[in-house]
2 protein chains.
Amino acid sequence: MIRRETVEKRLGELRRRMEEKGIEVALFWDPDNEFYLSGFRAISYSRPIVYIVYKDKTQYILPELEKDHAKQSRAADEWLIYHEIASHAGKELDYWQLLQRVLKSLPKSSVLGVEIDIIPASVYGRLVSEGFCVRDIGQEVMEMRAIKDEEEIRWLRHAGRLSDLAMEASFANVRPGMSELEFDSYGDQRLLQVASEYYPNMIIGYEDWTCSGVQRSAMPHLHSSTRKFEKNDVVVHSRQVWINNYRAENERTFLIGTPTETQKTCLALAIKAQQTAMEMVKPGVRAKDVDLAAFRIFEEAGYGRYVQHRTGHGLGLTEHEEPYLRFDNNLVLKEGMCYTIEPGIYVPGVGGFRHSDTVIVTKDGYESLTNYPRSLEKMIHQR
Amino acid sequence: MIRRETVEKRLGELRRRMEEKGIEVALFWDPDNEFYLSGFRAISYSRPIVYIVYKDKTQYILPELEKDHAKQSRAADEWLIYHEIASHAGKELDYWQLLQRVLKSLPKSSVLGVEIDIIPASVYGRLVSEGFCVRDIGQEVMEMRAIKDEEEIRWLRHAGRLSDLAMEASFANVRPGMSELEFDSYGDQRLLQVASEYYPNMIIGYEDWTCSGVQRSAMPHLHSSTRKFEKNDVVVHSRQVWINNYRAENERTFLIGTPTETQKTCLALAIKAQQTAMEMVKPGVRAKDVDLAAFRIFEEAGYGRYVQHRTGHGLGLTEHEEPYLRFDNNLVLKEGMCYTIEPGIYVPGVGGFRHSDTVIVTKDGYESLTNYPRSLEKMIHQR
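Residues numbered from 1 in each chain as written. Chains lettered and ligands numbered in written order. Predicted model: local features only at pLDDT ≥ 70, side-chain atom pairs only at ≥ 80, totals over all residues. Heavy atoms only, no water.

**Student:** Outline the interface of chain B and chain A, listing residues and values.
**Tutor:** Chain B puts 70 residues into the contact, and the matching count from chain A is 70 residues. Summed over both partners, the interface of chain B with chain A comes to about 6300 Å²; 58% of that surface belongs to carbon and sulfur atoms. Put simply, chain B and chain A have zero salt bridges between them. Broken down by element, the residue count for the side of chain B that touches chain A peaks at ten residues, all from helix 8 (residues 180-198) of chain B. Split by residue class, the side of chain B that touches chain A holds 32 nonpolar, 21 polar and 17 charged. (Contact = heavy atoms within 4.5 Å. Buried area = accessible area lost by both parts, 1.4 Å probe. Salt bridge = Lys/Arg side-chain N within 4 Å of Asp/Glu carboxyl O. Helix = DSSP H or I, 4+ residues; strand = E, 2+ residues; numbered from the N terminus. Nonpolar A, V, L, I, M, F, W, Y, C, P; charged D, E, K, R; others polar.)

Okay, structure coming up:
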């Protein structure tokens, strides 16, 4: 769901960039880019969906089972449908037959734009073997997507608020003996109840990762499991919520029972590093400086060697997108950029410690879209 | 979690196929293939993970934050780690720097295997520009994955049973006024409770799609929304559940209140088409014949024009995988293959009608892994 005038504006900017790169026709493969540039997003799995942008029109190549969904969206000027059942045996039976028809209608010298970091090698190979010159257009779209407009920021705010409510429900129910997945489930239920009440006829989604105990919390990237919380566990709880495809990320590290002094020190450091990085955010600052500010907090306290990852990643339609807050990224932050701030440390035998919040760069600072309490005191659950 | 001897057996078969195709070193990009061939599965997002199979050893290229998780799995002989923080500035900072190091150690004439339908065009381009000959190895792995062994079938059975329990809980709570997402949520809760009780320390996941009402149920591929059930709705409810990465799919179409005669006719037809297709399954039958048997039921009843999709898709580690039950697929079914049987019709103004079950081809027939009741009577909820 994107306003038609917004889509037209984006297509205008895309076409300007296509012309700059000498690209006559652009083919999109990535569902998030397709949504951004057309307002239509489908589930693709084994059936490719191709969105084609010409100078003066747009086309979608789709499997028949997406036809009604797509046409209802009015997201393109033309629809090319491929089939997979016996009664359509004489027609096009996969995306490639339709794409060949499209390619035949273009002059052989045409320059095509594709998402070079996303499109499969086999598809690229087919385009080149048909004699076309192929250039990347993916980077241009990522640059466009990195600056969020008012409409996008509104959806991101909704996603952030929903993630706070979900987190509140999970925390209200925390107790030793429940599994990571059961802990998540309380937040999911609350999210779905609230969303059902206040956002009629909307697509809402979520993903949770909860890593509990000294060993699992010290590994930053794990799916939730049926491991049960134990007295004195450290837990890193991560939640992404999306509404109308826009995502906010919200993470808190908490302690069940009585933490050790070292655990308290580590979590206090992670909170301080996050706060320090957050307060640096404003237009004109470089991505690297935000990352280095957080890293320095850990390093000065003697915990630098327990850092394993950058301070944050961009967010919007995709789980991770540009801009990345990394020590070697010279990118200058601009108003409308959106990313997570999530510096962390992972200490063997002690646990993992990381809060994450999603922020938008405003005219002269930042706005946090996720606002669940962050303080050390609130993170200790004496149950 | 895959037994080490199973991984070794698969690597043996992969190496035999590599030799047959003249491939000296194979690079894997897809997390499901990586899991199948190593027993390790990571969350990759913006940080690529490459699994490399040589004639006599295996290697993983990984971001630092996956290091402990990976090493604990003992899934490879060697680990190459890239970094993203300031204190490692002199080391490799992305997967490509490590992959270049790997490539430099190979003779220039080496033939590399890649998943040509999965690996991004930019990565493929880099390999070719380094002077290597690159061939597909993805098809070979898909062929291997299409036949499930006893260990895999055990996990698929667990996934099927869990999906039945979840479905039971959703159905026990169905009522007009609840949203699609709330309906799903009852099943999710039950699934997570049961899984937490009976499967300690396991990764469990699920995905639900519920499409309610005449208009939404007639579109086969939509995410669940906050639309609320109304009296006399047709609803297509779809659920995939996975445990240890193995997935079962379970779908039921149901009617709330009093269905029309046409709706009853349509659902009875979908049930008959599914039953007919299911009973055809045994080794030696062609994929196309299963599809055509289901299609014929609709066609003979005058509903052929409302069919939009094939009868089923393979299932295992990926949402959709080979073999596909399509009218033009001559593939001969073999013992150990696993797929969904889900013929459907989508009738404008009436609704969508589709049950899906996951079956395994046995020695002389089939075994359905999902067994929630299918009959028309059980699908009418007089609430």
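**Student:** An account of the relation of the copies chain B and chain A is requested, with residue identities and associated values reported.
**Tutor:** The transformation that overlays chain B on chain A combines an axial shift of 0.0 Å with a rotation of 180 degrees, and the residual RMSD is 0.0 Å. These values place the two chain copies in the arrangement generated by a two-fold rotation axis. Residue by residue, 100% of the interface of chain B is reproduced at the interface of chain A, so both copies engage with the same surface. (Least-squares fit on C-alpha atoms with pLDDT ≥ 70 in both.)

**Student:** Outline the UniProt feature "domain: Creatinase N-terminal" (unreviewed entry) in chain A, supporting the account with residue identities and numerical values.
**Tutor:** According to UniProt, the positions carrying the feature "domain: Creatinase N-terminal" (unreviewed entry) are residues 10-147 of chain A. The annotated region residues 10-147 of chain A carries 39% helix and 20% strand content, and the separation between its end C-alpha atoms amounts to 12 Å. (UniProt positions renumbered as here; feature names shortened; annotations may be inferred.)

**Student:** Outline the packing of helix 1 (residues 4-20) of chain B against helix 2 (residues 31-38) of chain B, supporting the account with residue identities and numerical values.
**Tutor:** Residues and elements named next belong to chain B. Where helix 1 contacts helix 2, the two axes come as close as 7 Å, and the packing angle between them is 110 degrees. Judged by the inter-axis angle, helix 1 sits roughly perpendicular to helix 2. In this structure, helix 1 uses R4, V7, R10, L11 and L14 to contact helix 2, whose residues at the interface are Y36, L37 and S38. Split by residue class, the contact of helix 1 with helix 2 holds five nonpolar, one polar and two charged. (Axes fitted to C-alpha atoms, helices over the stretch in contact; angles between N-to-C directions. Parallel < 35°, antiparallel > 145°, perpendicular 65-115°, else oblique.)

**Student:** Which residues make up the pairing of strand 9 (residues 246-256) of chain A, and what values do they have?
**Tutor:** All names here are of chain A. Counting buried residues in strand 9 gives eleven out of eleven residues, a clear majority hidden from the surface. Side chains of strand 9 alternate between two faces, with Y246, A248, N250, R252, F254 and I256 and R247, E249, E251, T253 and L255 buried alike. Where strand 8 (residues 234-243) folds back onto strand 9 in an antiparallel hairpin, the turn is made up of two residues, including N244, whose phi is positive at roughly 50 degrees. Where strand 9 and strand 17 (residues 380-381) come together, two bridges link them in parallel fashion. If you follow L255 over to strand 17, its bridge partner there is I380. (Buried < 20%, exposed > 50% of the residue type's maximum accessible area, 1.4 Å probe, protein only. Pairing = 2+ DSSP bridges.)

**Student:** Mind laying out the sheet that holds strand 7 (residues 204-212) of chain A, listing which residues take part and the relevant values?
**Tutor:** Residue and element names in this part refer to chain A. Read across the sheet, four strands follow the order 7-8-9-17 without closing on themselves; strand pairing throughout is mixed. The sheet is open, and its two borders are formed by strand 7 and strand 17, each paired with just one other strand. Bridging between strand 7 and strand 8 involves nine bridges; their strand directions are antiparallel. Residue pairing for strand 8: G205 is matched across the bridge by W242. Contacts between helix 7 (residues 150-172) and the sheet are confined to strand 8, strand 9 and strand 17, with strand 9 contributing the most and set at about 25 degrees to the helix.

**Student:** Summarise the UniProt feature "domain: Peptidase M24" (unreviewed entry) in chain A; cite the residues concerned and give the values.
**Tutor:** Residues annotated by UniProt as "domain: Peptidase M24" (unreviewed entry) correspond here to residues 156-363 of chain A. Secondary structure within residues 156-363 of chain A divides into 36% helix and 26% strand; the distance between the first and last C-alpha atoms comes to 17 Å.

**Student:** How would you summarise the nonpolar core if you had to cite specific residues and measurements?
**Tutor:** Among the nonpolar cores identified, the biggest contains 102 residues, and A:L14, A:F28, A:Y60, B:L14, B:F28 and B:Y60 are the most heavily contacted of them. Aside from chain neighbours lying at most four places away, what touches B:L14 is B:F28, B:L37, B:V53, B:I137, B:V141 and B:M144. Residues A:M167, A:M178, A:F229 and A:A273 belong to the second largest nonpolar core, which totals 46 residues. (Core = buried A, V, L, I, M, F, W, Y, C linked by side-chain atoms within 4.5 Å.)

**Student:** Go over the packing of helix 7 of chain A against helix 8 (residues 180-198) of chain A with me, naming the residues and quoting the values.
**Tutor:** Residues and elements named next belong to chain A. At a minimum axis separation of 7 Å, helix 7 and helix 8 run at an interaxial angle of 135 degrees. With respect to helix 8, the axis of helix 7 lies oblique. For the pair helix 7 and helix 8, the crossing hand works out as right-handed. Of the residues in helix 8, those touching helix 7 at L162, L165, A166, A169, S170 and F171 are F183, D184, Y186, G187, R190, L191, V194 and A195. Tallied by class, the residues present in the contact of helix 7 with helix 8 amount to ten nonpolar, two polar and two charged. (Left-handed = near helix turned anticlockwise from the far one by under 90°.)

**Student:** Can you break down the packing of aromatic side chains residue by residue, with the values?
**Tutor:** In the structure shown here, the tally under the stated rule is 30 aromatic pairs over all chains. The interplanar angle of 50 degrees and the centroid separation of 5.8 Å between the aromatic rings of B:Y303 and B:Y306 together place this pair among those described as tilted. An identical accessibility class is assigned to B:Y303 and B:Y306; each is buried. Taken together, the ring pairs connect A:F28, A:F40, A:Y51, A:Y60 and A:W79 into an aromatic cluster. Taking NZ or CZ as reference, B:K57 lies 4.9 Å from the ring centre of B:Y54, over its face. (Phe/Tyr/Trp six-rings, centres within 6.5 Å; stacked < 30°, edge-to-face > 60°. Lys NZ or Arg CZ within 6 Å of the ring centre and 35° of its normal.)

**Student:** Mind laying out the domain arrangement of chain A, listing which residues take part and the relevant values?
**Tutor:** Size of an interface, as often reported, equals the accessible area lost when the parts are brought together. Residues and elements named next belong to chain A. With domains assigned, chain A is organised as domain 1 (4-145) and domain 2 (147-381). For domain 1 and domain 2, the distance between their C-alpha centroids amounts to 35 Å. With eleven residues of domain 1 in contact, the opposing surface of domain 2 contributes twelve residues. The junction of domain 1 with domain 2 conceals about 980 Å² of combined surface from both sides, 39% of it contributed by carbon and sulfur atoms. If you sort the residues of domain 1 by the area they bury against domain 2, F35, M142 and R145 come out on top, with a joint share of 49%. Where domain 1 touches domain 2, the interface holds three salt bridges. When the shortest N-O distance is used, the salt bridge between E152 and R10 registers 3.6 Å. Summed over the shared surface of domain 1 and domain 2, the number is eight residue pairs in polar contact (both at pLDDT 80 or more). (Domains from an automatic or database assignment. Polar contact = N/O pair within 3.5 Å; in protein donor to acceptor, adjacent residues only side chain to side chain.)

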